Amino acid sequence: QVQLVESGGGLVQAGGSLRLSCTASVRSFSRYGMGWFRQAPGKEREFVAVINSLGGSTSLTDSVKGRFTISRDFAKNTLYLQMSSLKPEDTAVYYCAARLSEPWVVARSRGEYDYWGQGTRVTVSS
């Protein structure tokens, strides 16, 4: 069983930055593709960013390209989402997700993930 715990959310002014973390309790962190999703009030959960199991390939949704960066630290079993130039429309609960996958897999759909964290709330004020 994989447990994911997010942290780092909070209230920030537009233009500010936050770094989200997701620590995974799993033996072989490098076997899991990892993703970030977010859910704004009244909206469906949407894809934000993904990094493949070995960390060599990433993908981000268009609305965050140039502002967000996804990375992972294998020594700490931790996934990160560095968010800069935040906008009010980035306000949401952010979830990390994991799936056991081959290195070439870059999964962008929430249905492809088996494990989810509890979420961390990000609020961007204008």
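This report concerns the structure included in the present document. No experiment lies behind these values; they were computed from the predicted model shown.

Brief notes about the sheet that holds strand β7 (residues 68-73)
- On the basis of which strands lie adjacent, the open sheet formed by four strands has the order β1-β3-β8-β7 and antiparallel pairing. Among the strands making up the open sheet, the edge pair consists of β1 (3-7) and β7. Neighbour-to-neighbour, the strand axes of the sheet open up by a mean angle of 15 degrees, direction not taken into account.
- Examined bridge by bridge, β1 and strand β3 (residues 18-25) share five bridges and lie antiparallel to one another. The residue bridging V5 from the neighbouring strand is T23, located in β3.

Quick word on the nonpolar core
- Counting 30 residues, the largest nonpolar core has M34, W36, F68, L81, M83 and Y94 as the members making the most contacts within it.
- Dropping the residues within four chain positions of it, M34 is found in contact with L4, C22, F29, A49, V50, I51, I70, R72, L79, A97, A98 and Y113.
- Counting seven residues, the second-largest nonpolar core is a separate cluster that includes F37, F47, V50 and A97.

Observations concerning the pairing of strand β4 (residues 32-39)
- Judged by how many residues are buried, β4 sits mostly within the fold: seven of eight residues are covered.
- Pairing of β4 with strand β5 (residues 46-51), which is carried by five bridges, proceeds in the antiparallel orientation. Residue pairing across strands places R38 opposite E46, the latter belonging to β5.
- Linking β4 to β5, which pair antiparallel, is a turn of six residues; within it G42 sits at a positive phi near 75 degrees.

Focus on the environment of S125
- Take S125: it is sitting in strand β11 (residues 120-125).
- You can call S125 partly exposed: its relative accessible area is 25%.
- A C-alpha to C-alpha distance of 9.7 Å links S125 and G16, two positions 109 residues apart in sequence.

Description of unusual backbone geometry
- Within the chain, N77 stands out as a residue other than glycine whose phi angle is a positive 50 degrees.
- Examined against the element boundaries, N77 turns out to sit in the loop between β7 and β8 (78-83).

What counts as what
- The numbers attached to residues start from 1 for each chain and follow its sequence in the written order.
- Residues qualify for local features only when their pLDDT is at least 70, as the model is predicted, and side-chain atom pairs are given and counted only at 80 or more; totals for whole chains, interfaces and linings, by contrast, use all residues.
- To obtain the side-chain values, all non-hydrogen atoms of the structure were used and water was disregarded.
- Two strands pair under a simple rule: DSSP has to find at least two bridges between them.
- A helix here means a DSSP run of H or I that spans at least four residues, while a strand means a run of E at least two residues long, and both kinds are numbered starting from the N terminus.
- Note on definitions: angles span 0 to 180 degrees between N-to-C directions of axes, and those axes are lines fitted to C-alpha atoms, for helices only across the stretch in contact.
- Within this scheme, the nonpolar core is defined by two criteria: the residues are buried Ala, Val, Leu, Ile, Met, Phe, Trp, Tyr or Cys, and they are joined through side-chain atoms within 4.5 Å.
- To sort residues, take the accessible area from a 1.4 Å probe on protein chains only and compare it with the maximum for the residue type: under 20% means buried, over 50% means exposed, and anything in between is partly exposed.
- What makes two residues a contact is simply this: any of their non-hydrogen atoms within 4.5 Å.

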